[in-house]
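Notes for the structure review
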Amino acid sequence: MLASDLAFSQAAPPISLGVQSQPQPNQAPPPAREENPGLINEIGKLFEKSRSILPSLKSPGETVDDLNNSARDAGENLSALTRPSLIVTGRAACLVAANGAPDCKAGADRLCQSKGYKEGKSLDTDAAEKCSPIVFLPGHKRGPNDCRTENFVTRAICQ
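Residues numbered from 1 in each chain as written. Predicted model: local features only at pLDDT ≥ 70, side-chain atom pairs only at ≥ 80, totals over all residues. Heavy atoms only, no water.

Some details on the state of the cysteines
What the rule picks out here adds up to 3 disulfides. A disulfide bridge connects C112 with C158, and the sulfur atoms are separated by 1.8 Å. Because the sign of the S-S torsion sets the handedness, a value of about -80 degrees for the bond joining C112 and C158 places this disulfide among the left-handed ones. Of the two residues, C112 is situated in helix α4 (residues 105-114) and C158 in strand β5 (residues 147-158); the sequence distance between them amounts to 46 residues. As far as the burial class goes, C112 and C158 line up, both buried. What pairs with C131 in a disulfide is C147, and their sulfur atoms sit 1.9 Å apart. Across the disulfide from C131 to C147, rotation about the S-S bond amounts to roughly 110 degrees, and the bridge is consequently right-handed. Taken together, the residues span a long stretch of sequence, with C131 in strand β4 (residues 120-131) and C147 in strand β5 at a distance of 16 residues. (Disulfide = S-S within 2.5 Å. Helix = DSSP H or I, 4+ residues; strand = E, 2+ residues; numbered from the N terminus. Buried < 20%, exposed > 50% of the residue type's maximum accessible area, 1.4 Å probe, protein only.)

See the structure below:
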């Protein structure tokens, strides 16, 4: 019988399962928890920092406002295309830009102005090679400066 009393007196302390009891009025509060430099703590710090770095998300109302503004701008651009205009055909030479490429805006403007409009934008262009008459002589070897390419606007939309 004595052995059984000893066995009961050596029982383990009760298991708390993570539930902490309320401190009694005469007990001091538990010490403040030290920062744990573990992986979970570092990930938490990363999320806190990312809030200040990343832009905030827009509310649904702000997103709809942005879409409405974009649609209005697209509508204004579309209305510019629907102004009275006419597609004209003809042939106007394109100027050569400083970089050697053809600049057909001036050619489109000249083509439209010849039809009574103010300005135009080229729709179709054509290129032709213009050579000096010496190239066509029998036995002449063609040199690098014997021919040049000329570009023309053949169709333009005028306003």
